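If you want the building blocks of each chain, they are given just below.
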Amino acid sequence: MQSQKTYTVEEAYKKMERYCSYQERCHKEVIQKLYTMRMIPEAVDHIVVQLLQDNYLNEERYAKAFVSGKFRIKKWGKQRLKRELKQKDIGKTLIIMALNTISDQEYLETFHALAEKKAETIRETNPLKKKKKLADYLFYRGWEIHLVYDKVNALF
């Protein structure tokens, strides 16, 4: 039977330093990682505080990076972004601040391009089923109800 490696506080801190340098992380991810490393709660608190002081961990920076990345790459709407950030225990004010980094014009352009591209790929003859498939797809991506229904009705 193989036992899991144990870390000193200093080793764990260095490992978390690299973990946070690789990409932006939220507090929840770092804490979970430390618990998987079998660190005790006092050590976890000490390491998180040290990471915050050394600016390796920053929730505001994380929220902005998360929103811009998921919006530009995965084309997620604000509802999905908000839900995902809440699951990562990001505060409401930080979520609002991060969502405000997306310009309204860019947001609508992305939405219309995504909806039109998806509408072209739907191979359904029944117009109602076609509308439902497009609406479900856009809702899954986190786009607002009024935008989705307006666009679905305009396209079909």
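It should be emphasised that the depicted structure is a prediction, and the values quoted were computed from it without experimental measurement.

> Kindly report on the side chain of Lys151, identifying the contributing residues and their values.
Structurally, the position occupied by Lys151 is in helix α9 (residues 145-155). On the accessibility criterion, Lys151 (10% relative accessible area) is buried. Filtering out sequence-adjacent residues up to four positions away, Lys151 remains in contact with Phe111, His112, Ala115 and Glu116.

> I'd like to hear about helix α7 (residues 104-121), residue by residue, with values.
Taking 1.5 Å as the rise per residue, α7 with 18 residues should run 26 Å; its terminal C-alpha atoms sit 26 Å apart, in good agreement. Where α7 is concerned, the buried positions are Tyr107, Thr110, Phe111, Leu114, Ala115 and Ala119. For α7, the arc enclosing every buried residue in end-on projection is 155°, short of the 170-degree limit, so these residues lie on one face. What points out from α7, more than 90 degrees from its buried face, is the exposed set Gln105, Lys117 and Glu120. Those residues of α7 that are buried lie in contact with α4 (59-74), α5 (78-87), α8 (127-140) and α9.

> Quick one: what's the story with unusual backbone geometry, residue by residue and with numbers?
With a phi angle near 65°, Arg38 is a residue other than glycine that sits in the positive phi range. Take Arg38: it is sitting in the loop between α2 (27-36) and α3 (41-53).

Conventions and cut-offs
- Residues numbered from 1 in each chain as written.
- Predicted model: local features only at pLDDT ≥ 70, side-chain atom pairs only at ≥ 80, totals over all residues.
- Heavy atoms only, no water.
- Helix = DSSP H or I, 4+ residues; strand = E, 2+ residues; numbered from the N terminus.
- Buried < 20%, exposed > 50% of the residue type's maximum accessible area, 1.4 Å probe, protein only.
- Contact = heavy atoms within 4.5 Å.
- Expected span 1.5 Å × (residues − 1).
- Arc of directions from axis to C-beta.

Worth remembering: the numbers are spatial, not functional.
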